[in-house]
Structure formats: C-alpha cells, structure tokens
Amino acid sequence: MSQSLTLLAGPDALRILRERGLRAEDVDILPGASGGPKWLGLEGIDRVLFGELLQQPRTRPLHLIGSSIGSWRLACLAQKEPVAALRRFADAYLEQRYPPKPSPSLVSERSATILDSLLGPDGMEEILTHPWARLHVVTTRCKGLLAMEQSSMQLAGFVLGALANAVSRRTLGLHMERVVFHTAGDSSPFAGLKDLPSVHRPLTRDNLRPALIASGSIPMVLAGVHDIPGATRGTYRDGGVVDYHLDVDYGTGDGLVLYPHFYPYVVPGWFDKSLKWRRAGPLNFRRALIITPSPAHLARLPGGRIPDRSDFTEMKADDRIRAWKQVLTEGDRVADELRELLASGRIADHVQPL
C-alpha cells in the first residue's frame, strides 16, 4: 500500500480501474479545486499526472475544469511542457512577500506577475491551440453589494449570501452567477449545468489572462476583474465562491473523472466550508478517482498539514517560504510512490470505495 497517498473511487470508476487500470485514454475530465497555497501539497501528484500519465497518446479530448488556484494548475497542464510550467508557477508562488495588511490592488498586482511566470512567453497560445486539452476556467460574476470594491460593502454582501446559502445553496443565484470560460466549443460536458445560473463563454487571446486572474481573485483579498472581454459587463471574482471543490454534474460518459485533491471529501461552495453537513454526495462522483495526500504524508509536513492562506499572516515570510519548500521536497516522495503505483498496473488494489 502507498504510504503517502489515499485513493478513493466511485463505483463506476472502480469498475474501470479493475478492468483496465488507470490509462490516460480513459480519463475524460480532470477537476482542479480552489484552495490557494494548498496546491503546493499536490505539486508532486500533478507532476506525475500532468507530465507523465496524461502525456500518453489519446484520441479524444481531456476536459479540464478548475476554479481559482485549480484553474491555474490546469493552465499548466494545457501547455506543451506542463512540468516546466508547474516549476515556473511554484518558483514564483513561493516568493510572494507582502507588507502587513496589503491592499487588494497590491495582491492583485503580485498575482498577475505570478500568472505571467506560469504562462511564460508561449503559454497563452499553447492553451488556446492545445491538441487535446480543453481548459474550463470557472469565475463568479457578482451582483449588488458583492460587485463593489469597498471592503465594507463586499463584506455585507457576503454575509447576506452566506446566511441565504446556509438555508439553500440555490440562493447563490440571487447574488452571483457562474461564468465558465473554455476552449471546448460545443463539446463542453458542462454546457448543461442547471444547479445554479451558468453562462459559458469561449476563451480567447483577449480574455484568457483576465479570466484566469478573475478565477483566483479572492473576495476582499484581491480586487475584482471588471468587464472581461467577450462576456457580460460586471465584476468577476474567485470561481471558488460558487464552485469551491467542483461538486458539479460530470455526466454519464464511459471514462474517468481523475481528481487530484487536497482532501478525501468535496465541499460544494466557498460558503459551505464551515457547514459540516454540506459535503458533496456520491451522485456526481460515481466515475471519479480521487487522489489525495494520506494522513501519514500530512504528518510529515510542517505543522502536520498542507499550506493554507493563514500562513501569510501567521508566519514570517522567510519561515513560510522555508516551510513551503519543505512541502515541495516531500512532494518528491509522493511523486515516486504514485509513479510506482501506476507502473505496477494494480492501482485498483489500492483504491477504497468513495
């Protein structure tokens, strides 16, 4: 058994894995959750999946759907050299430094610089013309108070949204709409989403960068992105507000939903983080394989956990950077174990039912 990984599979995924193992050709969809610095805990998994497994020949598209930091990770996969893009991303992300209580405009400026490093000189064109990767970037178009940049107005809007959401997640539609920018054209498996008001727009050279920035624009931490080209005018913020861990209808295809994730559970929306009863049910994950760091791996990390946004305020910059580098170093162990597991051809033997 792997010491560093926990693998969970829905019933349809378990059947596929028992029949054929884990093959790139069988993967239809790859989600990427919101979570800020948590992504560093998945970097080793991403390196193996993005740079090795999913580079095997395939004859059908691979649909990537991400919110916030998840969309940035998947933007790495949708480039010709995904591991090089991940490395650029990690190098730039680690070196973030801020004064106490930085303004949203400053954090947005630094985030844009990180995105530029991730994309490199050719990343935008490679994403838009990739032969098989179809990137879906989830954003949130805000209404009313949520669309304002004054922190007090935003806070009031989010309090109202959170209270309504506690009663029913469907009330989010009163305050915001899901806007998905993608390169899938008419073939997107998410075109029929009906759980919340949803709009779909094509990713283009004009809006790829602002859509990615918007998808990671955490309310009251970063500034919103206004009037994204090719979409309805308005204020766009973090896609994780609507789809924190991507509890969406993945459809009924005969392939896998391969989901590298921070946790062995899925939280539907940003407002649901504190609602312990609001966890995703099994319906949307029947054909999902979730790959997540094991408790044993987490115990080896600084503080016994993967990084999160509190590190920015609770740790000195040098200490934070040192701890995050250790997380990446421990990711080498995860990568090695995942690589060995894939090579064995017996991944189904290590999977637990979801």
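Criteria and thresholds
Residues numbered from 1 in each chain as written. Predicted model: local features only at pLDDT ≥ 70, side-chain atom pairs only at ≥ 80, totals over all residues. Heavy atoms only, no water. Helix = DSSP H or I, 4+ residues; strand = E, 2+ residues; numbered from the N terminus. Rg over C-alpha atoms; globule rule 2.2 N^0.38 Å. Buried < 20%, exposed > 50% of the residue type's maximum accessible area, 1.4 Å probe, protein only. Areas by Shrake-Rupley, 256 points an atom, 1.4 Å probe, with all protein chains shown as cover. Lys, Arg positive; Asp, Glu negative; His and termini not counted. Charge placed at Lys NZ, Arg CZ, Asp CG, Glu CD. Phe/Tyr/Trp six-rings, centres within 6.5 Å; stacked < 30°, edge-to-face > 60°. Lys NZ or Arg CZ within 6 Å of the ring centre and 35° of its normal. Pairing = 2+ DSSP bridges. Contact = heavy atoms within 4.5 Å. Polar contact = N/O pair within 3.5 Å; in protein donor to acceptor, adjacent residues only side chain to side chain. Axes fitted to C-alpha atoms, helices over the stretch in contact; angles between N-to-C directions. Parallel < 35°, antiparallel > 145°, perpendicular 65-115°, else oblique. Nonpolar A, V, L, I, M, F, W, Y, C, P; charged D, E, K, R; others polar. Salt bridge = Lys/Arg side-chain N within 4 Å of Asp/Glu carboxyl O. Patch = residues over 30% accessible without salt bridge, like charges linked within 9 Å, V, L, I, M, F, W, Y side chains within 5 Å. Expected span 1.5 Å × (residues − 1).

Caption draft 1: Molecular detail of the overall build of the protein chain. On a plain count of helices and strands, the protein chain comes out with eleven helices and eleven strands. Here the protein chain has a C-alpha radius of gyration of 19 Å; the compact-globule value for 354 residues is 20 Å, and the two agree. Expressed along its principal axes, the backbone C-alpha trace of the protein chain runs to roughly 55 × 45 × 45 Å. Taken across its 354 residues, the protein chain has 57% of its residues classed as buried. Carbon and sulfur atoms provide 55% of the accessible area of the protein chain, an area that totals close to 14600 Å². For the protein chain, the centre of its 43 positive side-chain charges and the centre of its 39 negative side-chain charges are spaced 4 Å apart.

Caption draft 2: Molecular detail of the packing of aromatic side chains. By the definition in use, this model includes 16 aromatic pairs. On the basis of an interplanar angle of 50° and a centroid distance of 5.9 Å, the ring pair of W270 and F271 is categorised as tilted. Following the ring pairs from residue to residue traces out a cluster consisting of W39, W72, F89, Y93, Y98, F312 and W324. Seen from the ring of W324, R320 lies directly overhead, with NZ or CZ sitting 4.8 Å from the centre.

Caption draft 3: Structural context of the pairing of strand 4 (residues 133-142). Here strand 4 lies mainly inside the structure; ten of its ten residues are buried. Neither face of strand 4 is left uncovered, since the one carrying A133, L135, V137, T139 and R141 and the one carrying R134, H136, V138, T140 and C142 both have all their residues buried. Here six bridges tie strand 3 (residues 62-67) to strand 4, and the two strands are oriented parallel to one another. Bridging from a neighbouring strand, I65 pairs with H136 of strand 4. Both strand 4 and strand 5 (residues 176-182) contribute to a ladder of seven bridges, which runs antiparallel. The residue of strand 5 that forms the bridge with V137 is F181.

Caption draft 4: Up close: the environment of R170. With respect to the helices, strands and loops of the structure, R170 is situated in the loop between helix 7 (151-167) and strand 5. Sequence-wise, R170 and P197 are 27 residues apart; in three dimensions their C-alpha atoms are separated by 9.0 Å. Apart from the residues lying within four places of it in its own chain, the contact partners of R170 are K194, D195 and L196. In this structure the side chain of R170 is engaged in a polar contact, spanning 3.0 Å, whose partner is the backbone oxygen of D195.

Caption draft 5: Up close: the packing of helix 4 (residues 82-94) against helix 11 (residues 317-344). Closest axis-to-axis distance for the helix 4/helix 11 pair is 10 Å, and the angle between their directions is 155°. In terms of orientation, helix 4 lies roughly antiparallel with respect to helix 11. Within the contact between the two elements, helix 4 uses A90, Y93 and L94 and helix 11 uses R320, I321, W324, K325 and L328. The class makeup of the residues in the contact of helix 4 with helix 11 is six nonpolar, no polar and two charged.

Caption draft 6: Structural detail: the pattern of salt bridges. For the structure on display, the rule yields 30 salt bridges. A salt bridge links R97 to D318, with the shortest nitrogen-to-oxygen separation between them at 2.8 Å. Of this pair, R97 sits in the loop between helix 4 and helix 5 (104-119) while D318 sits in helix 11, and the two are 221 residues apart along the sequence. Accessibility expressed as a relative area gives 38% for R97, which makes it partly exposed.

Caption draft 7: Region of interest: the environment of Q154. Structurally, Q154 is set in helix 7. Given a relative accessible area of 1%, Q154 falls into the buried group. Residues Q154 and T252, spaced 98 residues apart in sequence, show a C-alpha to C-alpha distance of 38 Å. Those residues in contact with Q154 that lie beyond four places of it in its chain are L145, L146, M148, E149, P219, M220 and R237.

Caption draft 8: Structural view of a nonpolar patch on the surface. On the surface, L155, V159 and L163 cluster together into a nonpolar patch covering about 280 Å² of accessible area. On the secondary structure map, L155 appears in helix 7.

Caption draft 9: Seen up close, helix 4. Here helix 4 is 13 residues long and its end C-alpha atoms lie 18 Å apart, about the 18 Å a rise of 1.5 Å per residue gives. Within helix 4, burial applies to P82, A85, L86, F89, A90, A92, Y93 and L94. Those residues of helix 4 that are buried lie in contact with helix 2 (43-51), helix 3 (69-77), helix 5 and helix 11.

Caption draft 10: Structural view of unusual backbone geometry. At D227, a residue that is not glycine, the phi angle is positive and equals roughly 55°. Along the chain, the position of D227 falls in the loop between strand 7 (225-226) and strand 8 (235-238). The partly exposed category is assigned to D227, whose relative accessible area is 31%. For L246, which is not a glycine, the phi torsion comes out positive at approximately 65°. Mapped onto the elements of the fold, L246 is located in the loop between strand 8 and strand 9 (256-260).

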